[in-house]
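# What the coordinates show
What follows is the residue order along each chain.
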Amino acid sequence: MPTRRTKRGAERTPLSGDYDVLICGASFAGLTVARELAGSGARVMVVDRYEVGERQTSACAAPTEWLENMGLEGSMRQTFEELVIHTPFATSRYRLPWTFSTFDYRTLCELLDEQNEAEFETAKVNGRTGNVVHTDRGDLSAPLVVDALGWRRVLGSGYQPPDAPLSRGLEVHPGGSSDDLEIWIDRRYVPAGYGWSFPARDEVRVGVGSFDPRFHVKDTTVLLAQDLQRDAVRYQGNWIPHKLREATEDGIFFVGDSAGHCLPLTAEGIRTAFYFGLALGRELRAVVDGRSTRAHAMAQYHAFSAAHERKFRWMLRTQKAVPRVPPRLLAPAIRAMGTRRFVDWSFNHYLAIAPPSFVTARPARGPLGERAPARAAA
Ligand SMILES: Cc1cc2nc3c(=O)[nH]c(=O)nc-3n(C[C@H](O)[C@H](O)[C@H](O)COP(=O)(O)OP(=O)(O)OC[C@H]3O[C@@H](n4cnc5c(N)ncnc54)[C@H](O)[C@@H]3O)c2cc1C
């Protein structure tokens, strides 16, 4: 078993090495890819600029079944059977056909990290030349390199706000409790986007996300926190991709936010990081096991990701349409969509974009399991 070490300050000694697989980024996507390589005997290196679980990257809410199937239920803090949606003129309460849970980021990352056998080093990735990755501690190389570094897509052609297709999100984490998972679609907080309050047992994650990267969400995040009589403390924010990107580029595999795998409209990117991370991990596993080649894995994974383009595009269209609905029409529209049948139908379709059953899906005709590209496209 390789020794795990994270280094700080003067301990950040020069780093170099050639591996079978190099995974850059140790959050939802990167750790999921590493998990799928456990037991393969491959030399896998994971690097991140922070220690595993050190910097929370989201409000940390995901479908409960995904967390359970991934063996991460130990990180769960609170489970919700209902979603409360506020508009300026009304509040609707939806009973969901499946539940969402909030979780503790550090615990989840640690549990996920326990599922791999990779080496881990803290290093900042600065770029690459071919398959040699340059970090602030030295160069690392591998025939299979994964960029799971988030929205910046450091190892690819890069994405810069405000011109790139990015949303922005900011939240505060005051102490406190609540029973409700709440969303606000209200121009008082954001012209295009939504506000949220996600309780997690003894803290509440209150934030605002804007689909328009030019709209600054700090003031209205504070406003929403004030309206809820919560303290605006412990900020956490980031850019959020809202358009699917190429999943492979110039010999590099991209997964999670770096591949634009976060869903438009809802900005849900954790389960999709798991989902595409599993798909990529299975392809890489086939290569290191000798059942596939690097070129084949590139083609397969690229096709698998691209097969979801229609669904992502449809969600992006809805993301653009919702802010155009006049506020007075929003409340009756949301109420009308609150019938049991419609909620079940729409939420089940939404979950099916990246279904929790994918965790346990056994390969049928190849490393991608039952959802081979052609079927996913269908
Ligand atoms: C405020 C906010 C709230 C959100 N809430 C939710 C939510 O409740 N549910 C949900 O499903 N989604 C949510 N999202 C979206 C979700 O956070 C992302 O889609 C998800 O984190 C993507 O996972 P990832 O592993 O691809 O990237 P990330 O989680 O962003 O991880 C990237 C990793 O790469 C590391 N890294 C980055 N650059 C470098 C570098 N140069 N060198 C070395 N390491 C580097 C980072 O330290 C990090 O560990 C939210 C986003 C925001 C901004």
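Residues numbered from 1 in each chain as written. Predicted model: local features only at pLDDT ≥ 70, side-chain atom pairs only at ≥ 80, totals over all residues. Heavy atoms only, no water.

### Thoughts on the overall build of the protein
Regarding its fold elements, the protein presents ten helices and 18 strands. In terms of overall dimensions, the protein is globule-like: its C-alpha atoms have a radius of gyration of 20 Å, near the 21 Å expected for 378 residues. Seen through its principal axes, the protein has C-alpha atoms that stretch 60 × 50 × 40 Å. Among the 378 residues that make up the protein, the fraction classed as buried is 54%. Pairs at least 24 residues apart make up 73% of the contacts formed inside the protein by residues separated by at least 6 positions. Accessible area of the protein: about 16,300 Å², with a carbon and sulfur share of 50%. Each charge sign in the protein was given a centre, from 48 positive and 44 negative side chains, and these centres are 5 Å apart. (Helix = DSSP H or I, 4+ residues; strand = E, 2+ residues; numbered from the N terminus. Rg over C-alpha atoms; globule rule 2.2 N^0.38 Å. Buried < 20%, exposed > 50% of the residue type's maximum accessible area, 1.4 Å probe, protein only. Contact = heavy atoms within 4.5 Å. Areas by Shrake-Rupley, 256 points an atom, 1.4 Å probe, with all protein chains shown as cover. Lys, Arg positive; Asp, Glu negative; His and termini not counted. Charge placed at Lys NZ, Arg CZ, Asp CG, Glu CD.)

### Examining the packing of aromatic side chains
Within the structure shown, the criterion is met by 18 aromatic pairs. Measuring from ring centre to ring centre gives 6.1 Å for Phe28 and Phe103, while their planes differ by 85°; the resulting arrangement is edge-to-face. Taken together, the positions of Phe28 in helix α1 (residues 28-36) and Phe103 in strand β6 (residues 90-103) put the pair 75 residues apart, joining distant regions of the chain. Residue classification places Phe28 among the buried positions, given a relative accessible area of 7%. The rings of Phe28, Trp66, Phe103, Tyr105, Phe274, Tyr275, Phe276, Phe304, Phe312 and Phe358 are connected pair by pair, giving a single aromatic cluster. Seen from the ring of Phe254, Arg153 lies directly overhead, with NZ or CZ sitting 3.8 Å from the centre. If you follow Arg282 out to its NZ or CZ, it ends over the ring of Phe358, 4.8 Å from the centre. (Phe/Tyr/Trp six-rings, centres within 6.5 Å; stacked < 30°, edge-to-face > 60°. Lys NZ or Arg CZ within 6 Å of the ring centre and 35° of its normal.)

### Overview of the nonpolar core
Counting residues in hydrophobic clusters, the biggest one holds 77 residues, and the most contacted among them are Ile23, Val146, Phe253, Val255, Phe274 and Leu284. Top contributing element to this core by residue count: helix α5 (residues 270-288), with ten residues. In this view, Ile23 contacts Gly30, Val33, Ala34, Leu37, Val44, Met45, Val46, Val47 and Val146; residues no more than four positions away in its chain are not counted. Judged by nonpolar contacts, the second largest core, of 16 residues, contains Met45, Val133, Leu140 and Phe254. (Core = buried A, V, L, I, M, F, W, Y, C linked by side-chain atoms within 4.5 Å.)

### With respect to helix α8 (residues 327-336)
Taken together, the buried positions of α8 are Leu330, Ala331 and Ile334. What you see down the axis of α8 is that its buried residues fit within an arc of 95°, all on one side. Turned more than 90 degrees from where α8 packs its buried face, Arg328, Leu329 and Ala336 sit exposed. Taken together, the buried residues of α8 touch β5 (76-87) and β6. (Arc of directions from axis to C-beta.)

### Here we look at the site of the ligand
In the vicinity of the ligand, 33 residues are found, and the nearest of them are Ser27, Asp48, Thr57, Val125 and Asp257. With the chains in place, 94% of the 1,000 Å² that the ligand exposes on its own is no longer accessible. Looking at the shell around the ligand, the elements with two or more residues in it are α1, β12 (166-172), β14 (193-200) and β16 (235-241). (Near = heavy atom within 4 Å.)

### Section: the sheet that holds strand β7 (residues 119-122)
The strand order β7-β3-β2-β11-β18-β17 describes an open sheet built from six strands, whose pairing is mixed. The open sheet is flanked by β7 and β17 (248-249), the only strands paired with a single partner. Sheet topology note: the β17/strand β18 (residues 252-254) ladder contains two bridges and is antiparallel. In the sheet register, Glu249 faces β18, and the bridge partner there is Ile252. Contacts between α5 and the sheet are confined to β2 (21-24), β11 (144-147) and β18, with β11 contributing the most and set at about 170° to the helix. (Pairing = 2+ DSSP bridges. Axes fitted to C-alpha atoms, helices over the stretch in contact; angles between N-to-C directions.)

### Details of the pairing of strand β15 (residues 203-210)
Most of β15 sits out of view: eight of its eight residues are buried. The two faces of β15 match: Glu203, Arg205, Gly207 and Gly209 on one face and Val204, Val206, Val208 and Ser210 on the other face are all buried. Linking β14 to β15, which pair antiparallel, is a turn of two residues; within it Arg201 sits at a positive phi near 65°.

### Some thoughts on the packing of α5 against helix α6 (residues 294-306)
Orientation of α5 relative to α6, taken along the N-to-C sense of each, is 160°, at an axis distance of 9 Å. One element, α5, and the other, α6, form an angle in the roughly antiparallel class. In this structure, the crossing between α5 and α6 has a hand that is right-handed. Every residue of α6 that contacts α5 at Tyr275, Phe276, Ala279, Leu280, Glu283 and Val287 is listed here: Arg294, Ala297, Gln300, Tyr301, Phe304 and Ser305. Taken together, the residues that form the contact of α5 with α6 break down as eight nonpolar, two polar and two charged. (Parallel < 35°, antiparallel > 145°, perpendicular 65-115°, else oblique. Left-handed = near helix turned anticlockwise from the far one by under 90°. Nonpolar A, V, L, I, M, F, W, Y, C, P; charged D, E, K, R; others polar.)

### Some words on the confidence of the model for the protein
For the protein, per-residue confidence averages 91 on the pLDDT scale, and 93% of positions sit at 70 or higher. Contacts for the low-pLDDT stretch residues 1-5, under 50 throughout, to residues beyond four places or in other chains number ten contacts. Throughout residues 369-378 the model reports pLDDT below 50, and contacts reaching past four residues in sequence, or to other chains, amount to 28 contacts. (pLDDT = per-residue confidence, 0-100.)

### Some remarks on empty space enclosed by the protein
As enumerated under the stated definition, the model contains one cavity of 30 Å³ or more in all. By volume, the largest cavity amounts to about 110 Å³. Taken together, 13 residues form the lining of the largest cavity, with Ile185, Asp186, Arg187, Pro191 and Leu330 sitting closest to its centre. Its residues placed into classes, the lining of the largest cavity shows ten nonpolar, one polar and two charged. (1 Å grid on protein atoms, 1.4 Å probe; cavity = no way out; pocket = protein on both sides within 12 Å on 5 of 7 lines; lining within 4 Å. Points joined across faces, edges and corners; volume = space filled by probe spheres on them.)

### With respect to the pairing of β6
Pairing of strand β4 (residues 61-63) with β6 involves three bridges; the strand directions are antiparallel. Its bridge partner being in β6, Ala62 is matched across the sheet by Ser101. With ten bridges joining them, β5 and β6 adopt antiparallel strand pairing. Bridge pairing in β6 links Thr79 to Ser101. Remark: two residues form the turn of the hairpin made by β5 and β6, two consecutive strands paired antiparallel.

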